[in-house]
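These are the residues of each chain, in order.
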Amino acid sequence: MNIDLLTVDSARTAVLEKQTTATALVDAFYNKIDAEDGAIGAYLTLCKERAYQLAARVDALADKGDALPPLAGVPIAVKDVFATKDVRTTAGSKILANFIAPYDATVVTRLEDAGAIILGKTNCDEFAMGSSNENSGFHPVHNPRDRSRVPGGSSGGSAAVIAAGTAVASIGSDTGGSIRQPAAFCGVVGLKPTYGRVSRYGLIAFASSLDHVGPFGKSVKDTALMLQQMAGREPLDSTSADVPVPNYLDQIGQPVRGLRIGVPEEYFGEGLDPEVRSAVEAGIQELAKAGCEIVPISLPYSKYAIPTYYVVATAEASSNLARYDGVRYGVRAREGKTLAEMYRRTRDAGFGAEVKRRIMLGTYVLSAGYYDAYYLKAQRVRRLLASDFDRAFTKVDAIVTPTTPTPAFKLGEKMDDPLAMYLADIFTVTANLAGIPGMSIPCGKSREGLPIGMQILGKHFDEPMVLRVGHAVEHAMAG
Amino acid sequence: MVTDKDVSYVADLAHLELTEHERARLLKDLNSVLGYIDRLNELDTTNVEPMAQVASRLDEGGATSGTEGFAYAMRADEPRPSLPHDEALRNAPASDGVFFKVPKVIER
C-alpha cells in the first residue's frame, strides 16, 4: 500500500475492507516518520503508545465486523498547542519543555472518539506566534516542497506533515493566518472555521478573541470530514456557538453555476507577487468558466487590518501569557531569590525573542495612558473591518483572494525584520478579526515550483459555501 | 516615541528582566511597529463601538440561539469533578506534596 496516496476516506475504507489494519497503518507511518522527518522537523513528540492502543481498538472493532466510526484508523497529527493527556505539550516553547498535559483538548477527544489515531504533536512557532515556524523554541521546520524554505507558520509542522505524507490529516490553530498561510506555502488545504464553530477548550491560548481551531488535509473533502467531527457546541468553551452543525459533505460537488464570487481590489494591489496574482486570477477564471458571476468588490478598511491585529493580538497575548511564571507548571529558573526575581528569570529564560516582543508590545498598548489610544482604538477599527465583510456579503456568496502575497520565503530571510514578517499575514488576519470562515487551497505553482494558495472566505457559519467553492476550484485545477 | 525608560517600565509590568542587548533591540522594534500602528489614527472612530468579541456581534444578527448577548454561554451552576489534587501538582517545579512552593515572599 502506498501510504502517500491515502486520504481520510481511503484510509478508513482500507481498514474497513481489511486491505490493511490500523496497526499496520500506524507502523507504516512511523517508519516513514523515522526515515524522513529528521530532514523536515515537523514532529516534536511522537505518542506511539497511545497510537498503538487506539489502533488496536479500531482493529478489534474491524475484526468483529462492528460498524467503524467515521475516522476509524485515520493517522493524524496535532499541533503542539493542544493539550494531550499524559503526553508532552509544549506550545513550541522552552518554558513548557517538560509540561505533561493533565487532560485532553476537546478536539483531541472528539477526533479520537471518531476513531482517528494521533501519531504525534507537531512543531510550531512558540505560542503560535509567527509566520515561518522559525520561532519554535526547539528547531525550525523545513518546507517539504523546498527544504531551503519555510513551511509558513505558526502551524508549520501540521502543514508540513500533509505535504511530506507523514500524516493523512492534521489540526492546527489560526489566530492571524496560522492555518491558511502554511497551507498555502506547503501546497495543502487548510480551513479556519467560523469563530465559535470549534471548541477552544484545551487549546493553549494566544489571543482568545482571535484564536480558531481547524483542520489540514490533502483535499477539500478531507478537511470537511475532519471538521464534521470537530465542530459543535461545547459548554467548556463559553464562546462555543450553539449553532447546528450541517453535513459538510452535502455541498461538496454541487454545481457553482450562478454563485456570486467577490474579488476585493484591495487584495490584488501593491506588494502582491506577480506569479501569485496570475495563479489566483487563473483560479478565478475557472470559477467564471463554471458559471459563477465574478463581482469586483471593495473592502476599504483592509489596509488597517495588520495594525489592528497587532494591537488586539498582542494585548490579549500579554494577558494570556502572564500565567507562565514558574509556579504551577513549566520550567522554573533556579537562581531567583525573591518571588519577583524568580518570575522574571523564569520568563527571561523560557520565552524566545518574538514572544517577548509581543508581550512587551501588548503590555505597552494596555498600559495606563495608552489603553484608549491603542487598545480601544484598535477595537473600534476592528468593528469597521468586520462591517466591510457584512456589506460585501449582501452582494456576494463568497470572496476569493490570494492567501499570501508571496510563495514560501527562504529560512532566515525575514528573521531580522518583525514588520516584514507580520506582513506575510496581510490577507489572512481580516478573517480572524471578523470571525468569518476562510480556507486556503492549492492554486497552481510558481515557475520555481513553489505552491501558491487561493483563499476563500464566507459568511459566519457558511463553511458549506466555502467548501463548495473550494472543491469547484480544486476540481477544475486538477482537470 | 518609546524611550529607554518606557522599555524598563513595561518590562517591569510584564515580569521580564531582559539583557541590555534585548532592551536595545526592543526599543527599536517597538518604535518600528508602533509607528506602523499609528496609521489607525487616520480613521475617525468617534461613533464606532469597540468590538471585543466576535460572539457579541453574532447575537446581533441572530446567528446564535441566544436572545441576549452570550445567553447561550450560560450553563447550569452545578458542581462537576475537577482536576485531582495530585494531578494538579504533577507539573509543579517545586511542591511539598500539598502546596506549590515558591521563594520566600515576606522578609522578616
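Bear in mind the structure is a predicted one, so any value in this text is a computation, not a measurement.

Caption draft 1: Structural view of the overall build of chain B. Across its full length, chain B holds four helices and zero strands. Listed N to C, the secondary structure of chain B is α-α-α-α in terms of helices and strands. By the burial criterion, 18% of the 108 residues in chain B qualify as buried.

Caption draft 2: Region of the structure containing the overall build of chain A. Secondary structure assignment for chain A yields 15 helices and eleven strands. Over its C-alpha atoms chain A spans a radius of gyration of 21 Å, differing by no more than 12% from the 23 Å that the globule rule assigns to 479 residues. Seen through its C-alpha atoms, chain A measures out along the principal axes to roughly 65 × 55 × 45 Å. The long-range fraction of contacts in chain A, counting pairs at least 24 apart against all pairs at least 6 apart in sequence, stands at 76%.

Caption draft 3: Highlighting the packing of helix 9 (residues 305-320) of chain A against helix 12 (residues 371-392) of chain A. Residues and elements named next belong to chain A. Where helix 9 meets helix 12, the axes come as close as 9 Å, and the angle between the chain directions of the two elements is 125 degrees. Considered as vectors, helix 9 and helix 12 are oriented oblique to each other. Crossing angle aside, the handedness with which helix 9 passes helix 12 is left-handed. Residues Ala305, Thr308, Val311, Val312 and Ala315 of helix 9 form the contact with helix 12, whose participating residues are Tyr374, Tyr375, Ala378, Gln379, Val381, Arg382 and Leu385. For the contact of helix 9 with helix 12, a count of residues per class yields nine nonpolar, two polar and one charged.

Caption draft 4: A look at unusual backbone geometry. Residues and elements named next belong to chain A. Omega for the bond connecting Gly153 with Ser154 falls within 30 degrees of zero, at 5 degrees, which places this linkage in the cis form. Relative to the assigned elements, Ser154 resides in the loop between strand 3 (117-122) and helix 5 (156-164). Of note in the backbone geometry, Lys18 takes a positive phi value of approximately 60 degrees without being a glycine. The topology assignment puts Lys18 in the loop between helix 1 (8-16) and helix 2 (22-40). A positive phi angle, close to 65 degrees, is found at Asp86, a residue other than glycine. Of note, Asp86 is situated in the loop between strand 2 (75-79) and helix 4 (106-113).

Caption draft 5: The sheet that holds strand 10 (residues 438-445) of chain A, seen in detail. Residues and elements named next belong to chain A. With mixed pairing, eleven strands are arranged side by side in an open sheet as 1-3-2-4-6-5-10-11-9-7-8. Strands at the two margins of the open sheet, each flanked by one partner only, are strand 1 (43-46) and strand 8 (293-297). The mean inter-strand angle of the sheet, taken between neighbouring strand axes irrespective of direction, is 30 degrees. Direction of pairing for strand 7 (residues 260-264) relative to strand 9 (residues 398-402): parallel, over a ladder of two bridges.

Caption draft 6: Representation of the interface of chain B and chain A within the structure. Opposite the 47 residues of chain B that make contact, chain A presents 58 residues. Listed by contribution, the elements that provide at least two residues to the side of chain B that touches chain A are helix 1 (4-13), helix 2 (20-37) and helix 3 (55-60) of chain B. Taken together, the residues of the side of chain B that touches chain A break down into 31 nonpolar, seven polar and nine charged.

Caption draft 7: Broad picture of the pairing of strand 4 (residues 169-174) of chain A. All names here are of chain A. With respect to burial, strand 4 is a largely interior element, six of its six residues being buried. Burial of strand 4 is two-sided: the residues Ala169, Ile171 and Ser173 facing one way and the residues Ser170, Gly172 and Asp174 facing the other way are all buried. Where strand 2 meets strand 4, three bridges bridge the pair, whose relative direction is parallel. Looking across to strand 4, one finds that Val78 is bridged to Ile171. Strand direction decides the pairing type here: strand 4 and strand 6 (residues 212-217), joined by five bridges, are antiparallel.

Caption draft 8: Spatial organisation of helix 8 (residues 274-289) of chain A. All names here are of chain A. The end-to-end C-alpha distance of helix 8 is 22 Å, a good match for the 22 Å that 16 residues give at a rise of 1.5 Å each. Those residues of helix 8 lying buried are Val276, Ala279, Val280, Gly283 and Leu287. Down the axis of helix 8, the smallest arc covering the buried residues is 95 degrees, so these residues share one side. Across helix 8 from its buried face, at more than 90 degrees, point the exposed residues Pro274, Gln285, Ala288 and Lys289. Of the surrounding elements, those touching the buried residues of helix 8 are strand 7, strand 8, strand 9, strand 10, strand 11 (451-457) and helix 15 (463-478). Looking one or two places after helix 8, you find Gly291, whose phi comes out positive at around 100 degrees.

Caption draft 9: Just the packing of helix 7 (residues 220-230) of chain A against helix 15 of chain A, in detail. Residues and elements named next belong to chain A. For the pair helix 7 and helix 15, the least separation of the axes is 9 Å and the interaxial angle reads 155 degrees. Comparing the axis directions of helix 7 and helix 15 gives the class roughly antiparallel. Contact residues: Val220, Lys221, Ala224 and Leu227 in helix 7; Glu463, Leu467, Gly470, His471 and Glu474 in helix 15. For the contact of helix 7 with helix 15, a count of residues per class yields four nonpolar, two polar and three charged.

Caption draft 10: Spotlight on helix 2 of chain A. Residues and elements named next belong to chain A. Look at helix 2: 25 Å from first C-alpha to last across 19 residues, which is about the 27 Å you get at 1.5 Å a residue. At Asp34, helix 2 is bent by approximately 40 degrees, the largest bend along its length. Within the span of helix 2, buried status applies to Ala22, Leu25, Val26, Phe29, Ile33, Asp37 and Ile40. The inward-facing, buried residues of helix 2 contact helix 1, strand 1, helix 3 (48-64), strand 2, strand 3 and helix 5. Just downstream of helix 2, Gly41 is the residue with a positive phi angle, here 80 degrees.

Caption draft 11: Focus on the nonpolar core. All names here are of chain A. One finds Ile76, Ile117, Ala398 and Val469 to be the most contacted residues of the largest nonpolar core, which totals 160 residues. At nine residues, helix 9 tops the list of elements feeding residues into this core. Ignoring anything within four residues of it in the chain, the contact list for Ala398 reads Leu259, Ile261, Ile456, Leu457, Gly458, Met465, Val466 and Val469.

What counts as what
- Residues numbered from 1 in each chain as written.
- Chains lettered and ligands numbered in written order.
- Predicted model: local features only at pLDDT ≥ 70, side-chain atom pairs only at ≥ 80, totals over all residues.
- Helix = DSSP H or I, 4+ residues; strand = E, 2+ residues; numbered from the N terminus.
- Buried ≥ 20, exposed ≤ 12 C-beta atoms within 10 Å, placed from the backbone.
- Rg over C-alpha atoms; globule rule 2.2 N^0.38 Å.
- Contact = placed C-beta atoms within 7 Å.
- Axes fitted to C-alpha atoms, helices over the stretch in contact; angles between N-to-C directions.
- Parallel < 35°, antiparallel > 145°, perpendicular 65-115°, else oblique.
- Left-handed = near helix turned anticlockwise from the far one by under 90°.
- Nonpolar A, V, L, I, M, F, W, Y, C, P; charged D, E, K, R; others polar.
- Pairing = 2+ DSSP bridges.
- Expected span 1.5 Å × (residues − 1).
- Arc of directions from axis to C-beta.
- Bend = angle between axes of the 7 residues up to and from the residue.
- Core = buried A, V, L, I, M, F, W, Y, C linked by C-beta atoms within 7 Å.

These figures come from the coordinates and say nothing about function on their own.
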